[in-house]
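# Secondary and tertiary structure notes
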Amino acid sequence: MLLRPLPPAAQPLPPQPLGALLDSRSAWPSPSVRGQQRQFGLQRSNCILASHSGRTLVAHTEPPVQAFKPTLGADVRPANLAPTANGITLKIAAQAPEADGELVLSDPDDVVPEAGILSDEALRNLDEYRRVEAYSATVSSSAHINSSNGFAYSPAQRNQIRESWDALMRWSKVFRTRKLEGSPLEMATRVVVFGGGSFGTAMGCALARQKPDLEVVLLVRDPYLCKDINTLHENTRYLKGFQMPPNVRATTLASEAITGAQYAVHAVPVQSSRAFLQGIKEYLPANVPIICVSKGLEVGSGQMMSELIPSALERKQPAVFLSGPSFAREVMQNRPTGVVAACKDPKLAKTVQGLFASPTMRVNMTTDVVGVEICGALKNVLAIAAGIVEGMDLGHNALAALVAQGCSEIRWLSEKMGAKPTTMSGLSGLGDIMLTCYGDLSRNRSVGIRLGRGEKLEDIIASSSQVAEGVATAGVVVGLARKYRVSLPVLTAVAQVLDNNLTAREAVFHIMNLPQIEEA
C-alpha cells in the first residue's frame, strides 16, 4: 500500500510548499531524488469517524497528497478538499469502514496508521502495486477504484451514467407497453397457428404462457403428431422434451382450427405456403390478420411472403411479418428474445407488438416490409456459406470476412429493391444474420457445415427432419440479382455449390481470387 507506519528513527522532512505535489503526475518526484521518502503527516487523532451514519472521515495531510485508493475493503472517495494552516483537510466518504475510527485501505491489517510515508518506490509502481493510485489533491475529479470490480470512473462520469440511466427508466415508465384491459392480448380469445414445426409451436406457446385462458390451436398435417400434442402436451417431432402449456392443443381440421380465431400465425415453410393457403382460404375470414413467421422466397415466382399471401388467397389480407434472431428452442425456454413486426399499416404492427410483447420478448415495429423479408430470406443463404467455412475449418478470420461480405451483398440487393438502409442494421438484418451464421441451432448453417466436410446435398436433405429454407432460396437470389443488376459473389457461389457445379473448396478459391476492389 501507499500508506505504511513511519519508522521510529525516521526524522520528519521539512514542510513543503502547498503546490509541491499538486500539478500532475509530471510533478511527482524525479529520478534524481529517488531513494528519499516524501512524507506527509497523517495523525490518528485527526483520522476520526465524524459521523458513523454518514461514513465521513476527516484527515489532515502535509503536504497535500491524496493517497486513498483501495481495491478491497472500504469504498473511499474524496468528498471535499480544503487548505488549512497545517496542510490540507481531506474529507473522505467511507462507505463501509471496518470499525469506528479505522479506515480499511486494502487488507484487514492495512488500517490508518499513526503516521504515514509516500515513497518513490511506491510512486514507480503505482500500476503494479495492487492497482493503488496516488493523485494530486487538486485533481478533484480523478477516478476512484471501485472495490467490487477494480474499475475506475471519475465522480463526474458516475453522475452522468446514473443520470442517463435514470432518464431512460423514466422514459420507459411512461412509454412501456402495458397489458391493460382492452389490449390486443386481453381482447383475444383464440389464436390459430398454421403448421406444427418448431418455430410455429414456440410462438404459439409464447402467447399461451402470457394468458392462460387464451386458446391456441395448432393446425398440423400429421395425425400422430396431433395426438402427441393433445395427450403428452409435447411436440415430439420438433421440440422433444419441452412441455407445452395446457391451453395449447392441435387439430388436423382447418375449419375447426380457424373458426373463432382473431389472429393466424403462419409458420408453414415458404415452398409449401401457396398450396396450403389455397387449401384453407375458404375457412379464413378476410379480416383475420396473418402474422407470418416464414422466411424465404418462393421458387419459380421469386415472390416474398408479402406477395405470395395475397396471390394465393386471391384477395387482400391484413398481414404482419415477424422476423429477427429467434431460435425456437430458446423461445420455448423463455429466454430473452427480440423480433421486429413489419407492416405497411403501423396500427396493425402495433397490435401485433402488443400481442407478443412480454418480459422475455421485445417486439420492435417497422413499415419496411421489403427490407425485413429480403434480409430474412438471404441470411439463410449466407448461413450456408458460413457453415461451409466452418466445415472446411478455414478459421475465424475467413468466417468474419465472409459474413461481412455477405452482409454487404444483402444490403446491395435489398436497397435496390426499395428497402431502407437502417433495416440491415436492425434485428431482422444484422441480428438475424449473426444468429443464423454463428448459432449452433441454425439449420442452414448445419447444411453448410456438412457440405464443407464433403457430404452430398441429397444425403444431407434426406437425413434432415426440418427444412433449411436457404437451399431453395439460393437459386432465387441469383435471379433477383440479375433482375436488379447487382453482383453477389458469395451468395452466387453458394447457389453454384448447391447445384453441384462447384465444390466448396473450388468456390472458396475463386472467391479469394476475385479482383481486389475498393470496399463498398
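Residues numbered from 1 in each chain as written. Predicted model: local features only at pLDDT ≥ 70, side-chain atom pairs only at ≥ 80, totals over all residues. Heavy atoms only, no water.

Under an unreviewed UniProt entry, the protein chain has the name Glycerol-3-phosphate dehydrogenase [NAD(+)] and belongs to Pleodorina starrii. Quoted verbatim from the Catalytic activity (unreviewed entry) field of the UniProt record, the comment on the protein chain reads "sn-glycerol 3-phosphate + NAD(+) = dihydroxyacetone phosphate + NADH + H(+)". You can read under Sequence similarities (unreviewed entry) in the UniProt record for the protein chain the words "Belongs to the NAD-dependent glycerol-3-phosphate dehydrogenase family." (UniProt positions renumbered as here; feature names shortened; annotations may be inferred.)

So, on to the overall build of the protein chain. Check the secondary structure of the protein chain and you find 19 helices and 18 strands. With 520 residues in all, the protein chain has 48% of them scored as buried. With the model as given, the accessible surface of the protein chain reaches about 25,900 Å², and the carbon-plus-sulfur share is 53%. (Helix = DSSP H or I, 4+ residues; strand = E, 2+ residues; numbered from the N terminus. Buried < 20%, exposed > 50% of the residue type's maximum accessible area, 1.4 Å probe, protein only. Areas by Shrake-Rupley, 256 points an atom, 1.4 Å probe, with all protein chains shown as cover.)

Taken in spatial order, the 8 strands make up an open sheet running S13-S12-S11-S14-S15-S16-S17-S18, and their pairing is mixed. Among the strands making up the open sheet, the edge pair consists of strand S13 (248–251) and strand S18 (361–366). Geometrically, the sheet is characterised by an average inter-axis angle of 25 degrees between neighbouring strands, direction not taken into account. Two strands pair when backbone bridges link them, and strand S12 (residues 215–219) and S13 are joined in this way by 4 bridges, in the parallel orientation. Looking at S13, one finds that Val217 is bridged to Arg249. (Pairing = 2+ DSSP bridges. Axes fitted to C-alpha atoms, helices over the stretch in contact; angles between N-to-C directions.)

Taken N-terminus to C-terminus, the directions of helix H11 (residues 369–391) and helix H17 (residues 469–483) make an angle of 105 degrees; their axes are 8 Å apart at the nearest point. On the basis of their axis angle, the class for H11 and H17 is roughly perpendicular. Side by side, H11 and H17 meet where Ala377, Leu378, Asn380, Val381 and Ile384 of the first sit next to Glu469, Gly470, Val471, Thr473, Ala474 and Val477 of the second. Tallied by class, the residues present in the contact of H11 with H17 amount to 7 nonpolar, 3 polar and 1 charged. (Parallel < 35°, antiparallel > 145°, perpendicular 65-115°, else oblique. Contact = heavy atoms within 4.5 Å. Nonpolar A, V, L, I, M, F, W, Y, C, P; charged D, E, K, R; others polar.)

A few words now on the pattern of salt bridges. Across all of its chains, the model carries 11 salt bridges by this definition. Asp222 is paired through a salt bridge with Arg237; the nearest N and O atoms lie 2.3 Å apart. Placement of the pair is Asp222 in the loop between S12 and helix H5 (223–232) and Arg237 in the loop between H5 and S13, with a sequence separation of 15 residues. Its relative accessible area of 44% is what places Arg237 among the partly exposed residues. One salt bridge in this structure joins Asp432 and Lys379, with 3.9 Å as the shortest N-O distance. In this pair, Asp432 is assigned in helix H14 (residues 427–438) and Lys379 in helix H11, connecting sequence segments 53 residues apart. Here Asp432 and Lys379 have matching classes, each one buried. (Salt bridge = Lys/Arg side-chain N within 4 Å of Asp/Glu carboxyl O.)

As a further point, take unusual backbone geometry. The phi dihedral of Asp393 falls on the positive side, at around 55 degrees, and the residue is not glycine. Along the chain, the position of Asp393 falls in the loop between H11 and helix H12 (396–416). Positive phi values are uncommon outside glycine, yet Arg485 reaches one of about 55 degrees. Mapped onto the elements, Arg485 comes out in the loop between H17 and helix H18 (489–498).

A few words now on the side chain of Asn380. For Asn380, the location among the structural elements is in helix H11. Beyond its immediate stretch of four places on either side in the chain, Asn380 contacts Lys295, Thr436, Asn444, Glu469 and Gly470.

What follows deals with the packing of H11 against H12. Put simply, H11 and H12 touch, their axes get as near as 10 Å, and they point 160 degrees apart. Between H11 and H12, the crossing angle belongs to the class labelled roughly antiparallel. For H11 against H12, the interelement crossing comes out right-handed. Each of Ile374, Cys375, Leu378, Lys379, Leu382, Ala385, Ala386, Val389 and Glu390 in H11 lies in contact with H12, whose residues at this interface are Ala398, Leu399, Leu402, Val403, Gly406, Cys407, Ile410, Leu413 and Ser414. Taken together, the residues that form the contact of H11 with H12 break down as 14 nonpolar, 2 polar and 2 charged. (Left-handed = near helix turned anticlockwise from the far one by under 90°.)

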